[in-house]
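The lines below spell out each chain.
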Amino acid sequence: MPTDVHQHLWPPAFVALLRERGAPPRLDGWTLELPGEPPYPVDPADHDIAARVRLARADGLDRALVSLSSPLGIEYLPPEEAAPLLAAFHDGALALPAPFGVWASVRLAVPEPGTEGLRRELRRGCVGLQLPATALLDAAGWARCAPLLDVLAALDKPLFVHPGAAPPAEGVAPAWWPALVPYLQQMHASWFAFRAFGRPRHPGLRVCFAALAGLAPLHGERLVARGGAGERGRVDPGAFYETSSYGTRAVDALVRAVGIDVVVNGSDRPYARPLVRHRPPREALRAAPRDPVAPGLGGEAAVHALCTVNPARLLGPSKGVRP
């Protein structure tokens, strides 16, 4: 079942609510306004459902998992603002046609995380929970989110850690700054916090880090040099890494650090293109040897691992995707 674990697609009702807002996060027509980023012109075709179905099929996917865009910061809005946006997203995303599945999101700006809301969305068919990395940057964050993670563990569902909202930049910064600096800093910190605080509390939880966890696993040598001698060579088979926005050099480096069994295909469509595109067996057989599917990663064997075998292990037996 070739899978892309990381896409974004905004249902029409969700778009309408963003346009009704008077303050960021909001849409002004098709221009996205966020507190920590420059105005972003959204291509309407990126959220055209029929067009995205065709694109997923062209990518050779049987399953494409969409999630709330955590950089919007909706999870941290006051409850009366977050609730209708989350409801519109879940209702619309769960109604999407095949091959789409959905990651759940929850309100975080409350005294206790919304475990009942999470249970409800998982019962409705969400494959697991997405949390912004900003919620998981340290021991306190993993402790605060522990009730949510207990729900996932009890229901054998995975966690997807995605970059959260970028803080407002001081002075002038290039347009790429949020994606390359705060987003990756968040992923880096959340991965180390998971290793130090999250994994001991949740030993069986399957976790997937977006954007190769900001390449945090490549710092293993420095970790050992700075006092983490017990960490030498330790690979967590329940910690996965999706490939969005990276190419073969970064993925190859990560595979050397953690192995290929925990790397999964994720594109971050519509904001980036996939690293690999799965091809049906007959098409793969007709493909010329000089046109490998994943150059530098092992060709068809790597594609099968990244797109099919590894996502199946991440998502587990209860995939929550409608036929």
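Placed above this text is the structure.
Rules used throughout
- Counting restarts for each chain, with residues numbered from 1 along the sequence as it is written.
- The predicted nature of this model means local features are confined to residues of pLDDT at least 70 and side-chain atom pairs, given and counted, to a pLDDT of 80 or more, with totals for whole chains, interfaces and linings taken over all residues.
- Derived side-chain values reflect all non-hydrogen atoms in the structure, with water molecules and hydrogen atoms excluded from consideration.
- A run of H or I in DSSP becomes a helix once it reaches four residues, and a run of E becomes a strand once it reaches two; helices and strands are each numbered from the N terminus.
- N or O atoms within 3.5 Å of each other form a polar contact, as long as, within protein, one can give a hydrogen and the other can take it, and as long as residues adjacent in sequence are counted only when both atoms are side-chain atoms.
- Should any heavy atoms of two residues lie within 4.5 Å, those residues are considered in contact.
- The definitions used throughout rest on a 1 Å grid laid over the protein atoms alone, on which a cavity is an enclosed set of points accommodating a 1.4 Å probe that cannot get out and a pocket is an open set flanked by protein within 12 Å on both sides along at least five of seven lines; lining residues are those having an atom within 4 Å of a point.
- Grid points are joined across faces, edges and corners, and a volume is the space filled by probe spheres set on the points.
- Classification used: nonpolar for Ala, Val, Leu, Ile, Met, Phe, Trp, Tyr, Cys and Pro, charged for Asp, Glu, Lys and Arg, polar for all others including Gly.
- Like charges within 9 Å and nonpolar side chains (Val, Leu, Ile, Met, Phe, Trp, Tyr) within 5 Å are joined into patches, using only residues over 30% in relative accessible area that form no salt bridge.
- Using a 1.4 Å probe, the Shrake-Rupley method yields the accessible areas, and only the shown protein chains count as cover for residues.
- Only one rule defines a salt bridge in this text: a Lys or Arg side-chain nitrogen within 4 Å of an Asp or Glu carboxyl oxygen.
- Multiplying 1.5 Å by the helix residue count minus one yields the expected span of that helix.
- Fitting axes to the seven residues ending at a residue and to the seven starting there, one defines the bend at that residue as the angle between these axes.
- Only protein chains enter the calculation, and the probe is 1.4 Å; a residue is then buried if its accessible area is under 20% of its type maximum, exposed if over 50%, and partly exposed in between.
- The criterion for strand pairing is that DSSP finds at least two bridges linking the strands in question.
- Note that the arc is computed from the directions linking the helix axis to the C-beta atoms.
- Inter-axis angles, ranging from 0 to 180 degrees, are taken between N-to-C directions of lines fitted to C-alpha atoms, where helices are fitted over the stretch in contact.

### Thoughts on the side chain of T3
Then, number 1: Relative to the elements of secondary structure, T3 occurs in strand β1 (residues 3–7).
Then, number 2: In terms of polar contacts, T3 uses its side chain to reach the backbone carbonyl oxygen of M1, at 2.8 Å.
Then, number 3: When residues no more than four places from it in sequence are discounted, the contact partners of T3 are L61, R63, N265, C307 and P311.

### A look at the layout of surface pockets
Then, number 1: Roughly 700 Å³ of volume is contained in the largest pocket.
Then, number 2: Around the largest pocket, the lining comprises 29 residues; the ones closest to its centre are E37, A179, Y183, D268 and Y271.
Then, number 3: Among the elements of the structure, β3 (31–34), β4 (37–41), α7 (177–180) and α8 (182–201) are those that each provide at least two residues to the lining of the largest pocket.
Then, number 4: Tallied by class, residues from the lining of the largest pocket come to 20 nonpolar, six polar and three charged.

### Comments concerning a nonpolar patch on the surface
Then, number 1: Where nonpolar side chains cluster on the molecular surface, the patch consists of W176, W177 and L180 and spans about 340 Å² of accessible area.
Then, number 2: Positionally, W177 belongs in helix α7.

### Some remarks on α8
In an α-helix, one turn spans 3.6 residues; hence positions three or four apart end up facing the same way.
Then, number 1: Compared with the 28 Å implied by 1.5 Å per residue over 20 residues, the 26 Å span of α8 between its first and last C-alpha is a close match.
Then, number 2: Of all bends in α8, the biggest is about 50°, found at F194.
Then, number 3: Three or more residues of α8 are buried, namely P182, Y183, L184, Q186, M187, S190, W191, A193, F194, R195, G198 and R199.
Then, number 4: For α8, the elements touching its buried residues are β4, α5 (139–144), β8 (159–162), α7, β9 (207–209) and β10 (239–242).

### Side note on the pairing of β3
Within a regular beta strand, the side chains point alternately toward one face of the sheet and then the other, so they alternate between its two faces.
Then, number 1: Of the two faces of β3, the one holding L32 and L34 is buried and the one holding T31 and E33 is not buried anywhere.
Then, number 2: Where strand β2 (residues 26–28) lies against β3, three bridges are found, and the strand directions are antiparallel. By the bridge assignment for β3, R26 is matched with E33.
Then, number 3: The antiparallel pairing of β2 with β3 creates a hairpin that spans two residues between the two strands, and G29 there sits at a positive phi of about 65°.
Then, number 4: As judged from the three bridges shared by β3 and β4, these two strands associate in the antiparallel manner. When the sheet's bridge partners are listed, L34 is paired in β4 with E37.
Then, number 5: Where β3 folds back on β4, the antiparallel hairpin that results is connected by two residues.

### Observations regarding the environment of A88
Then, number 1: When you line up the elements, A88 lands in helix α3 (residues 79–94).
Then, number 2: Taking the relative accessible area as the measure of exposure, A88 reaches 9% and is therefore buried.
Then, number 3: Each C-alpha atom of the pair A88 and V15 lies 8.9 Å from the other, and the pair is 73 residues apart in sequence.
Then, number 4: Aside from chain neighbours lying at most four places away, what touches A88 is P11, A13, F14 and L17.

### Digging into helix α2 (residues 49–58)
Then, number 1: All of the buried residues in α2 are R52, V53 and A56. Looking straight down α2, one finds that the buried residues subtend no more than 105° of arc, so they occupy a single side.
Then, number 2: Residues of α2 that are buried make contact with β1 and β6 (100–102).
Then, number 3: Between the side-chain oxygen at the start of α2 and the backbone nitrogen of A50 there is a gap of 3.2 Å, and the oxygen is on D48.

### Looking at the sheet that holds strand β11 (residues 263–264)
Then, number 1: Reading across from one edge, β7-β8-β9-β10-β11 is the order of the five strands in this open sheet, with parallel pairing throughout. Two strands bound the open sheet, and with one partner strand each, they are β7 (129–132) and β11.
Then, number 2: α8 contacts β8, β9 and β10 of the sheet and is inclined by roughly 160° relative to β9.

### A closer look at the pattern of salt bridges
Then, number 1: Scanning all chains against the criterion turns up eleven salt bridges.
Then, number 2: For E121, the salt bridge identified is with R124, shortest N-O distance 2.9 Å. Here E121 pairs with R124, and both are found in helix α4 (residues 115–124), just three residues apart, close to one helical turn.
Then, number 3: E121 sits in the buried class, given a relative accessible area of 5%.
Then, number 4: A salt bridge links D150 to R201; the nearest nitrogen and oxygen atoms lie 2.9 Å apart. With D150 in helix α6 (residues 146–155) and R201 in helix α8, this pair connects stretches of sequence that are 51 residues apart.
Then, number 5: Note on D150: relative accessible area 32%, which makes it partly exposed.
Then, number 6: Linked through salt bridges whose partners overlap, the residues forming this network are D91, R120, E121 and R124.

### Overview of the sheet that holds β2
Then, number 1: One open sheet holds the three strands; their spatial order is β2-β3-β4, and the pairing between them is antiparallel. Only two strands of the sheet have a single partner each, and these edge strands are β2 and β4. Shown here is a sheet whose adjacent strand axes are inclined to one another by a mean of 25°, direction ignored.

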